[in-house]
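Listed here are the chains, written in short residue letters.
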Amino acid sequence: MSARWRVVPGGLAWGERRFVWGERTYVMGILNVTPDSFSDGGLYLDPERALEHALAMEEAGADIIDVGAESTRPGAVPVPAEEEVRRLLPVLRRLAPRLRVPISVDTYKAEVARVALAEGAAMINDVGGLQKDPAMAAVAAEAGVPVVVMHCRPHGHVHYDDFWGDVLGFLRRSLELAEAAGLPPEYVIVDPGFGFGKTAEHNLDLLRGLHRLRVLGRPVLLGTSRKSTLGRVLNLPVSERLEGTAATVALAIPHGVDIVRVHDVAPIVRVVRMADAIVRHPHWEAPAGVPSRVPQPSGLGTAAGPAAPDTIQLRGLRFRARHGVLPEEHRREQVFVVDLDLGLSVREAARADDLSLTVDYSEVFRRVERIITGPHRQLIETLADSVARDLLAAFPLEFVRVRVAKPEAPLPGAFDQVAVEVWRSRGDL
Ligand code: HH2
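Residues numbered from 1 in each chain as written. Predicted model: local features only at pLDDT ≥ 70, side-chain atom pairs only at ≥ 80, totals over all residues. Heavy atoms only, no water.

### Side note on empty space enclosed by the protein
No. 1: All chains considered together, the criterion is met by one cavity of 30 Å³ or more.
No. 2: If you add up the space inside the largest cavity, you get close to 40 Å³.
No. 3: Residues of the lining of the largest cavity, tallied by class, amount to eight nonpolar, no polar and no charged. (1 Å grid on protein atoms, 1.4 Å probe; cavity = no way out; pocket = protein on both sides within 12 Å on 5 of 7 lines; lining within 4 Å. Points joined across faces, edges and corners; volume = space filled by probe spheres on them. Nonpolar A, V, L, I, M, F, W, Y, C, P; charged D, E, K, R; others polar.)

### Re the site of the ligand
No. 1: The environment of the ligand is formed by 18 residues, the closest being S37, S71, T72, N125 and D191.
No. 2: In this structure, D191 approaches the ligand through a side-chain N or O atom, which is 2.6 Å from a nitrogen atom.
No. 3: The side chain of K227 places a nitrogen or oxygen atom 2.7 Å from an oxygen atom of the ligand.
No. 4: Within the complex, the protein chains bury 98% of what would otherwise be the 480 Å² of accessible surface of the ligand.
No. 5: Among the detected pockets, the ligand sits in the largest pocket.
No. 6: Among the residues forming the shell around the ligand, the class breakdown is six nonpolar, seven polar and five charged. (Near = heavy atom within 4 Å. Polar contact = N/O pair within 3.5 Å; in protein donor to acceptor, adjacent residues only side chain to side chain. Areas by Shrake-Rupley, 256 points an atom, 1.4 Å probe, with all protein chains shown as cover. Sits in = over half its atoms within 2 Å of the grid points.)

### What to know about the domain arrangement of the chain
Accessible area lost during the coming together of the parts is what is often quoted as the interface size.
No. 1: If you check the domain split of the chain, you get domain 1 (5-279) and domain 2 (311-428).
No. 2: Each of domain 1 and domain 2 was reduced to a C-alpha centroid, and the two centroids are 44 Å apart. (Domains from an automatic or database assignment.)

### Concerning unusual backbone geometry
No. 1: Here R226, not a glycine, exhibits a phi torsion of approximately 60°, which is positive.
No. 2: By secondary structure assignment, the location of R226 is in the loop between β10 (221-222) and α7 (228-234).
No. 3: Under the relative-accessibility criterion, R226 is labelled buried at 16%. (Helix = DSSP H or I, 4+ residues; strand = E, 2+ residues; numbered from the N terminus. Buried < 20%, exposed > 50% of the residue type's maximum accessible area, 1.4 Å probe, protein only.)

### Remarks on the sheet that holds strand β4 (residues 26-32)
No. 1: Sheet architecture is open: eight strands sit in the order β9-β8-β7-β6-β5-β4-β11-β10, paired in parallel fashion. Edge strands, defined here as strands with exactly one partner in the open sheet, are β9 (188-191) and β10.
No. 2: Direction of pairing for strand β8 (residues 147-150) relative to β9: parallel, over a ladder of four bridges. Opposite M150, over in β9, you have D191 as the bridge partner. (Pairing = 2+ DSSP bridges.)

### As for the environment of R270
No. 1: Relative to the helices and strands, R270 is located in helix α9 (residues 265-279).
No. 2: Sequence separation of R270 and V101 is 169 residues, and the distance between their C-alpha atoms is 18 Å.

Shown next, in the form of structure tokens:
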């Protein structure tokens, strides 16, 4: 009987094993028991070799082993459910009693998933995003197991009117199907489907915009391992795509990716540990006996990394003051309106519901007020720049956007308002 899943603060637990999103990047090792997978087809058809490989991946640091019995590569011959089950069963029966990490079953067929869960699989990896087989969501909900929902379009479907709209819209539909079936939202992991019905350009676009998946509010899995886009970029065969895979993994982590699905577990675990030490530093701890050179928590986290921190938005802070170049602006007060975007991770504060881990809005207001109602300045450029620098110096922000507007500026001609917007980051200090 495999361990049960439960929701824990910030993530999920399977028995004693915790998956706390944001704390570190988890590695899913790929085990294909197929004759025709694009990179390892035929290697692990023998259940004893499959077991050996799964144990080696676990030993190398895999957090999940993903077992698939049908290739999804372009041109692969579809496999009937009975054949998929026939390939999976002997492997699952060997793996389940031996592995300490959860086994995921890579299938879009509800019938296959049901059998695999009964034979020791502990989660479902559905490349159909619960949309290929209408019975899949209910299988996950009844078993109470996590499910990876992946964006996919048929291979060769490479026209998108709105690429990101399609990816996010598809995944939102998957989340709705999970919810309708009664699967708790915490049990759903989203995957943008690198390589599934996408050109190399689409796949590179996906990697550049991975942080956009965060609007879905779910952990993110990414599967780039050895895929053809890497081969296109590097002009290398499938056997020589390790470094390409490593680059995609390292660069995905600052975007907030939580799980990477890979063939080469040992080297990618090293890549992930290194990237985590840089990007997720409030969580990084030196192994016992190794002195830590990475800064320890400052109290205010920047765990999401520089590529895509969260933002705190303050709009319409209003003050009266006498800045400006026109004589009338010296004589009479006018209204100044300030809008702010403060870029920093709010993950820790949100998790602990603790004001001391984020920015105190009253303190921000007071600092802006002191500058806007302070000494005379000719230019709103100067005011915006001063506010940005002051806030960056006072709080551990990744960046700040400051907009200062004069809606009633006594200018000749008809203006709605004049405004200046500046973006500043730590490097500008
Ligand atoms: N990619 C493949 C298979 N399953 N599952 C998720 N969630 N995300 C992926 O990107 C993904 C996946 C294809 O890779 P592989 O299993 O190595 O190849 P094949 O389908 O030929 O067996």
